[in-house]
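Descriptive analysis of the structure
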Amino acid sequence: MDPHLINDCVHCGFCLPSCPTYALWGEEMDSPRGRIHLMSQHVQGTPITPAMAGHFDACLGCMACVTACPSGVRYDKLIEQTRVTVEREHERDPQDRAVRGLVFSLFPYPRRLRLLRWPMRLTGALQGFLERVHPSLGAMAALAPHVEVRQRMPRFVRARGPRRATVGMLLGCVQREFFPQVNAATARVLSLEGCDVVIPPSQGCCGALSVHSGRADQARRLARRTIRVFERAGVSVIVVNAAGCGSSMKEYADLLEGTPWAARARALRVVDLAEWLAELGPAAQRNSLPLTVAYHDACHLAHAQGIRRQPRDLLRDIPGLVLKEIPESDLCCGSAGTYNIFQPQAARDLGDRKAGAVSGLDADLLVSANPGCTMQIATAMRRRGSAIRVAHTAEVLDASLRGVPL
């Protein structure tokens, strides 16, 4: 934990209203300011206690406090450093270690996730039993989406019309295996907007889940592999359609600082899909989509990457589409990577709060730019008995560009 970053905090309290866990519990130690105080205690010699680790674990890492802070405190850096320290120094109980070991031996590995898809469909009937075994297992069963058909992505998708750019495309892990239609739509949209799309088949996990959970060695290993794969593919721009992945990949140089890989990371430009399309400008004709859409701000898109306007502009440019804003749009839905698995009750409370805000809009469709958010909010809506169709920004654009219903 960097004491210089800790000392940037002037304890003004502007972060408190932005923090999801403070909104839930009103506890100072479960606010960014309180957690920074605990970090300071550790730097001054206090060991990581179970209570201290619990407050750090309860943080979603949503970065809403970074947006709210008038002093520019880099809480994002601090919480990542802190989680590395917690994983190194704190002895977790055996059940917690087992569940975390299971998650991080499965989720960063697409082939293993693929094998898990069918068993996860069967666990829905066993959700109650799994919750009694361990709440995290019950949460995994509840969140698992139904996947009809696996879609194989080609290695290369040629631009339609004049070629305007050549880009690489990240497939992701959860996105690839549980939302393959999003990747297919992303490739089509890029192609229709004049991009040659290179999709390296050997790509794997970008390391986002690992870096957000303090597993720095695993994160660095996965980051180096991702850099190597796209270097060999001969692309310098990588388009990402998952907010958490894009946020972490944009920080590769920091993750790999002090090694030759940092310079290689800086040579690759990582852009979110909406960010790239807004920069490129429209080329293909938009067809009408008569829909009322509620757009959800994924935290690692809005707060970590500062991308809010671009996806909204892309949606508003579609004829016939009405865009509605979700109340408390800056408040996390409770997904936060693996948070809804490791902290299921807090995640459930936040998901229910977000679902209530969405339900009041009477929208036809909820649009999100992160697979974790999609699963989280869809699950919370089902609990309310008010299920809503959920789609990625890429799917909405794809339907409009191709003139097909969504």
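Everything below is about the structure printed above this text.
For the structure given in this document, a descriptive report is provided here. (Residues numbered from 1 in each chain as written. Predicted model: local features only at pLDDT ≥ 70, side-chain atom pairs only at ≥ 80, totals over all residues. Heavy atoms only, no water.)

1. Overview of the packing of aromatic side chains
According to the stated counting rule, one finds one aromatic pair in the structure shown. Here Phe104 and Phe342 contribute two aromatic rings whose centre-to-centre distance is 6.0 Å and whose plane-to-plane angle is 35°, an arrangement assigned as tilted. With Phe104 in helix 7 (residues 94-106) and Phe342 in helix 21 (residues 339-342), this residue pair connects regions lying 238 residues apart in the sequence. The same class applies to Phe104 and to Phe342, which are both buried. One Lys or Arg, Arg100, reaches over the ring of Phe342 and ends 4.3 Å from the middle of that ring. Seen from the ring of Trp261, Arg264 lies directly overhead, with NZ or CZ sitting 3.9 Å from the centre. (Phe/Tyr/Trp six-rings, centres within 6.5 Å; stacked < 30°, edge-to-face > 60°. Helix = DSSP H or I, 4+ residues; strand = E, 2+ residues; numbered from the N terminus. Buried < 20%, exposed > 50% of the residue type's maximum accessible area, 1.4 Å probe, protein only. Lys NZ or Arg CZ within 6 Å of the ring centre and 35° of its normal.)

2. Structural notes on the pattern of salt bridges
Taken as a whole, this structure holds 29 salt bridges when the rule is applied. One salt bridge in this structure joins Arg163 and Asp196, with 3.5 Å as the shortest N-O distance. Taken together, the residues Arg163 in the loop between strand 1 (156-157) and strand 2 (165-169) and Asp196 in strand 3 (residues 195-198) connect sequence positions 33 residues apart. You can call Arg163 exposed: its relative accessible area is 54%. Relative accessible area serves as the criterion here: at 10%, Asp196 is assigned to the buried category. The partner of Arg220 in a salt bridge is Asp217, and the shortest N-O contact between them spans 3.0 Å. (Salt bridge = Lys/Arg side-chain N within 4 Å of Asp/Glu carboxyl O.)

3. Topic: the packing of helix 18 (residues 273-280) against helix 20 (residues 309-316)
Helix 20 packs onto helix 18 with a crossing angle of 65° between their chain directions and a minimal axis gap of 8 Å. Note that helix 18 runs across helix 20; the crossing there is left-handed. Across the interface between the two elements, Ala274, Glu275, Leu277 and Ala278 of helix 18 pack against Gln310, Pro311 and Leu314 of helix 20. Broken down by class, the residue content of the contact of helix 18 with helix 20 amounts to five nonpolar, one polar and one charged. (Axes fitted to C-alpha atoms, helices over the stretch in contact; angles between N-to-C directions. Left-handed = near helix turned anticlockwise from the far one by under 90°. Contact = heavy atoms within 4.5 Å. Nonpolar A, V, L, I, M, F, W, Y, C, P; charged D, E, K, R; others polar.)

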